[in-house]
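Per-entry structural report
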Amino acid sequence: MNDQLFKTPIEYLKGVGPQRAEILKKEAAIFKYEDLLSYYPFRYIDRTQFYKVAEATPDLAHVQILVRLKSFEVIGEKQSKRLIAKAYDDSAEIELVWFQGIRWVEKNLKLNQVYIIFGKLNHFNGKAQMAHPEMELFSKENVTKGNLSLQPVYSSTEKLKQFSLDTKGIQKLTANVLEQLADKIEDVLPHYILQKYKLNSHKEALLHIHFPTDSKSLKRAQTTLKFEELFFIQLKMLRSKLLRTYKFKGNVFSQVGDKFNYFYENLLPFSLTNAQKRVIKEIRSDTQKGIQMNRLVQGDVGSGKTVVALMSMLLAIDNGYQACLMAPTEILATQHYHSLKALLKDDFVEIALLTGSTKKKERKVLFEKLASGDLAILIGTHALIEDTVQFKNLGLVVIDEQHRFGVEQRAKLWRKNVIPPHVLVMTATPIPRTLAMTLYGDLDVSMIDELPAGRKPIETIHLYETQRLRMFGLMKREIALGRQVYMVYPLIQESAKLDLKNLMDGLEVMAREFPLPQYKFSVVHGQLTAKDKEYEMQRFVKGETQIMVATTVIEVGVNVPNASVMIIENAERFGLSQLHQLRGRVGRGAEQSYCVLMSGVKLSKEAKIRLETMVRTNDGFEISEIDLQLRGPGDIEGTQQSGILDLKLADISQDQQILQEARKTVIEIFEEDPDLNLEKHQTLKKFFSVKRNGISLDKIS
Ligand code: ADP
Ligand code: MG
């Protein structure tokens, strides 16, 4: 294929020129011919059928209806001036409204004529209404001549429109580019795969996505392009995984030694759950193979990931290696340090903490011990990745809260040794399987899908503002039993001040209801210095205060097993995964714990689903599935920066089936032909060296 042609600068396209090219680049990131080809319509207007006024529900978005115009008049003055027309069909009446261009519309409307009106239907006080409809006088010709198709709509901006690059303008350019390139568009997928999944050729798919003839051909084109998109992500990921197993030798942890056994027999304060045992076995098996381990451990809050991490690190140490654990925040790193130290009661393993605030002098000592191998375990933040941190022999890296570390950062850690260390990634934010496949497709996945025995599921209730007394009652009862309470206010992103005010107002009410000296509060919010925050937290941790009132800063890092109540104010403002994380702060001991979701009475549909979900289930995986459906993958925490989800067409939550098929196909290809040497896979092989049709697979591994 003449690849250069696809890379022709957009200014050379018929109908563009230098000025429009500038705008296209700036506003739509269209630089080359190929960019225009993949500037897909973001929706289609269905003009293949007419609706009746009465049956056209607002859910239908844009509809066309045949109506007869009954009357029209201009009402209101100045700003509120508008033209209102009444029209009807045999099912109901509809009101048409214009706020702009009134004079022109008024002049052209013809009473008692039948119109095809087109637009978004609303219901206003039970009446059907359409604002600024497109109108066309009805005639037989009109209906047969081209209205009967799916019209693509391209996203455009004010600037683009100024240069006549609205939907119609963009469509024209797309037609031009297709005319010039269509015969040169080659297939990207092997023929046998197209046949197997009944997909279009790449060329057909592009033609039909821009110029669909009917909804069936459109659907097939979309499926094809989505399949391609997901297929190549999987191809890239699984190939890099394959290469890694070829290329990167792994340290061999051949034995379970003294330290591991001593810990297991003498220090482990509980018996492991079956899930924990299974995951440790999986890690042990991985680390014996001589291949670098890359394993993701998913486990709900409180499922006991820390001890799994620790025992894996002991395994490394028993085999003569060092280990490190990396956490996303300083608070979390510090917490890990303390809980690991507590678990390792006897000082039979040396362990240290490195964060941004580690003093220079301490740092120096620490680095020396690290280089000599005296220091076995290092806990820290991003600071661990820095080049100044040199281990003698790093054998295992544990990353907590993986989703905040990118693939790039992981790769950087590998370079810390001749043989890259094994990597164990822990995430407490369960993510749906499909998302995991896309985000972490190159990792093996373990699940800790069982909570330690004796944990009582947290009881979650949703209360409205008017039921606040019940909440007070629950708090008093629990505090009387010697337990502690969290009370969390949402962070208001736009206004730290409003934030604080909310919290302070709440505190005032609370102080009246829970007077000193019987009740004591810790108060933590973003405006405090780190030192004050720490002081307030410590008072709560030590049990000196019974109620911790805080903004979401407490989300990570606090572990107070004696706390039994989590109250979330304005719970409707939180996302599902955040609610679930917060709830995970309680229920850490053996006693029954509670989560109270406080909300206003007026709730959006989505907020209702979120709160109902929380009340119904404690299962983080189920919650993450629902979160994905509600918000789409782009909003799921941690996915924004990954880039992998910059999908043009596919949608991880909607297109799970396509994703699974694409992944399965890729796995089968590599099983049959790991080096892509077969004739039928030559198209694929080429993608790893050159960029074609806008898809680049270079720079793998
Ligand atoms: P997470 O998976 O959220 O990191 P942690 O590792 O912090 O969970 O464990 C939560 C609590 O459960 C800790 O207090 C820990 O000591 C305890 N724990 C972990 N595993 C077990 C177990 N098998 N039996 C009883 N308690 C356990
Ligand atoms: Mg943890």
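See above for the structure.
This text gives an overview of the structure that appears in the document. Bear in mind the structure is a predicted one, so any value in this text is a computation, not a measurement. (Residues numbered from 1 in each chain as written. Chains lettered and ligands numbered in written order. Predicted model: local features only at pLDDT ≥ 70, side-chain atom pairs only at ≥ 80, totals over all residues. Heavy atoms only, no water.)

Digging into the overall build of the protein chain
The criterion, for reference: Secondary structure elements are defined from DSSP: runs of H or I of at least 4 residues count as helices, runs of E of at least 2 residues count as strands, and each element is numbered from the N terminus. Exposure is judged per residue with a 1.4 Å probe applied to protein chains only, and the accessible area is read against the type maximum: over 50% gives exposed, under 20% gives buried, and values in between give partly exposed. A contact between two residues is defined here by any heavy atoms of the two lying within 4.5 Å. A 1.4 Å probe and the Shrake-Rupley method give the accessible areas. Residues count as covered only by the protein chains that appear here.
Broken down by element type, the protein chain carries 25 helices and 22 strands. Every one of the 701 residues in the protein chain was classed for burial, and the buried ones make up 51%. Put simply, 72% of the contacts in the protein chain that link residues at least 6 apart link residues at least 24 apart. Surface accessibility of the protein chain: about 33,800 Å² in total, with carbon and sulfur atoms responsible for 51%.

Digging into the packing of helix α13 (residues 305-318) against helix α14 (residues 330-343)
For clarity, the threshold we go by: Axis definition: a line fitted to C-alpha atoms, limited for helices to the stretch in contact. Angles are taken between N-to-C directions and run from 0 to 180 degrees. The labels follow the angle: roughly parallel below 35 degrees, roughly antiparallel above 145, roughly perpendicular from 65 to 115, and oblique for the rest. Here a crossing is taken to be left-handed if its near helix is turned anticlockwise relative to the far helix by less than a right angle, and right-handed if that turn runs clockwise. The residue classification treats Ala, Val, Leu, Ile, Met, Phe, Trp, Tyr, Cys and Pro as nonpolar and Asp, Glu, Lys and Arg as charged. All others, Gly included, are polar.
Orientation of α13 relative to α14, taken along the N-to-C sense of each, is 65°, at an axis distance of 11 Å. Taken together, the axis directions place α13 and α14 in an arrangement best described as roughly perpendicular. With respect to the hand of their crossing, α13 and α14 are arranged in right-handed fashion. Side by side, α13 and α14 meet where Thr306, Leu310 and Met313 of the first sit next to His336, Ser339, Leu340 and Leu343 of the second. Along the lines of polarity and charge, the residues of the contact of α13 with α14 split into four nonpolar, three polar and no charged.

Let's talk about helix α9 (residues 202-210)
Rules: This arc corresponds to the set of directions leading from the helix axis out to the C-beta atoms.
Among all positions of α9, only His202, Ala205, Leu206, Ile209 and His210 are buried. End-on view of α9: buried residues confined to an arc of 115°, all on one side of the axis.

Re the sheet that holds strand β13 (residues 377-380)
Which entries qualify depends on this criterion: Two strands form a pair only when DSSP identifies at least two bridges running between them.
One open sheet accounts for seven strands, arranged β12-β13-β11-β14-β15-β10-β16; its pairing is parallel. Each edge of the open sheet is held by one strand with a lone partner, namely β12 (351-354) and β16 (444-448). Each strand axis lies, on average, 20° off the axis of its neighbour in the sheet, ignoring direction. The pairing of strand β14 (residues 394-400) with strand β15 (residues 422-427) spans five bridges and is parallel. Residue pairing in the sheet places isoleucine 399 in a bridge with valine 425 of β15. Docked against the sheet, α14 engages β11 (322-326), β12, β13 and β14, running at close to 170° with respect to β12.

Side note on the nonpolar core
Cut-off, in case you're wondering: Each nonpolar core is a collection of buried residues, namely Ala, Val, Leu, Ile, Met, Phe, Trp, Tyr and Cys, held together in the definition by side-chain atoms within 4.5 Å.
Of all hydrophobic cores here, the largest spans 53 residues; its most connected members are Leu189, Phe227, Leu230, Phe231, Phe232, Leu235 and Leu378. Tallying contributions element by element places helix α10 (residues 215-247) first for this core, with eight residues. Filtering out sequence-adjacent residues up to four positions away, leucine 230 remains in contact with Leu647, Ala650, Ile652, Asp655, Ile658, Leu659 and Ala662. Formed by 39 residues, the second largest nonpolar core is a distinct cluster that contains Phe263, Ala275, Leu314 and Leu343.

A look at empty space enclosed by the protein
Counted only if it meets this: Of the grid points, spaced at 1 Å and generated over the protein atoms alone, those admitting a 1.4 Å probe that cannot get out make up cavities, while open sets with protein on both sides within 12 Å along at least five of seven lines make up pockets; any residue with an atom within 4 Å of a point is treated as lining. Grid points are joined across faces, edges and corners, and a volume is the space filled by probe spheres set on the points.
This model, assessed by the stated rule, comprises three cavities of 30 Å³ or more. As a volume, the largest cavity reaches approximately 60 Å³. Around the largest cavity, the lining residues are Thr429, Pro430, Leu576, Ser577, His580, Gln581, Gly620, Ile623, Ser624 and Asp627. When contributions to the lining of the largest cavity are tallied by element, the ones reaching two or more residues are α21 (576-583) and α23 (620-631). Here the lining of the largest cavity is built from residues that sort into three nonpolar, six polar and one charged.

Topic: the site of ligand 1
For the record, the criterion: For this description, a residue counts as near a given molecule or strand if any of its non-hydrogen atoms is within 4 Å of it. Side-chain atoms alone can form a polar contact between residues adjacent in sequence; in general such a contact is a pair of N or O atoms within 3.5 Å, and within protein one must be able to donate a hydrogen while the other accepts it.
In the vicinity of ligand 1 lie 15 residues, with Gln276, Gly302, Lys305, Thr306 and Arg455 positioned nearest. Between ligand 1 and serine 303, the relevant distance is 3.4 Å, taken from an oxygen atom to a main-chain nitrogen or oxygen of the residue. Compared with its free state, where it exposes 560 Å², ligand 1 has 78% of that area covered by protein. Its residues assigned to classes, the shell around ligand 1 comprises four nonpolar, seven polar and four charged.

Considering the sheet that holds strand β22 (residues 594-599)
Sheet architecture is open: six strands sit in the order β17-β22-β21-β18-β20-β19, paired in parallel fashion. Lying at the two open borders of the sheet, with one neighbouring strand each, are β17 (459-464) and β19 (521-524). Geometrically, the sheet is characterised by an average inter-axis angle of 15° between neighbouring strands, direction not taken into account. With five bridges joining them, strand β18 (residues 484-489) and strand β20 (residues 547-551) adopt parallel strand pairing. If you follow valine 488 over to β20, its bridge partner there is alanine 550. Running over the sheet, helix α18 (residues 468-480) touches β17, β18, β20, β21 (563-568) and β22 and is turned about 155° from β22.

Concerning the packing of helix α12 (residues 274-286) against α13
As a packed pair, α12 and α13 sit with axes 10 Å apart at the nearest point and diverge in direction by 30°. As judged from the angle between their axes, α12 and α13 are roughly parallel. When the axes of α12 and α13 are compared, the crossing they make is right-handed. In this structure, α12 uses Gln276, Val279, Ile280, Ile283 and Arg284 to contact α13, whose residues at the interface are Val307, Val308, Met311, Ser312 and Leu315.

Description of the side chain of glutamine 129
Among the structural elements, glutamine 129 can be located in strand β7 (residues 127-131). In terms of polar contacts, glutamine 129 uses its side chain to reach the side chain of glutamate 95, at 3.1 Å. Setting aside residues up to four positions removed in sequence, glutamine 129 forms contacts with Ile94, Glu95, Val97, Lys120, Leu121, Asn122 and Phe124.

Brief notes about the packing of aromatic side chains
Here is the rule: Planes of paired rings set the category: under 30 degrees apart is stacked, over 60 is edge-to-face and the rest tilted, where pairs are Phe, Tyr or Trp rings (Trp by its six-membered ring) whose centres lie within 6.5 Å.
Overall, the coordinates contain 10 aromatic pairs when judged by the stated rule. Between tyrosine 39 and tyrosine 154, the aromatic rings sit 6.3 Å apart at their centres with planes inclined by 5°, giving stacked as the arrangement. With tyrosine 39 in the loop between α3 (33-37) and β1 (43-46) and tyrosine 154 in the loop between β9 (150-153) and α6 (158-162), this pair connects stretches of sequence that are 115 residues apart. The two residues tyrosine 39 and tyrosine 154 agree in class, both being buried. Their ring planes at 75° and their centres at 5.7 Å tell us that phenylalanine 472 and phenylalanine 514 sit as a pair that is edge-to-face. Placement of the pair is phenylalanine 472 in helix α18 and phenylalanine 514 in the loop between α19 (496-513) and β19, with a sequence separation of 42 residues. Grouping aromatic residues by their ring pairs yields a cluster made of Tyr197, Phe227, Phe231, Phe232 and Phe687.

Taken by themselves, the reported measurements are silent on function.
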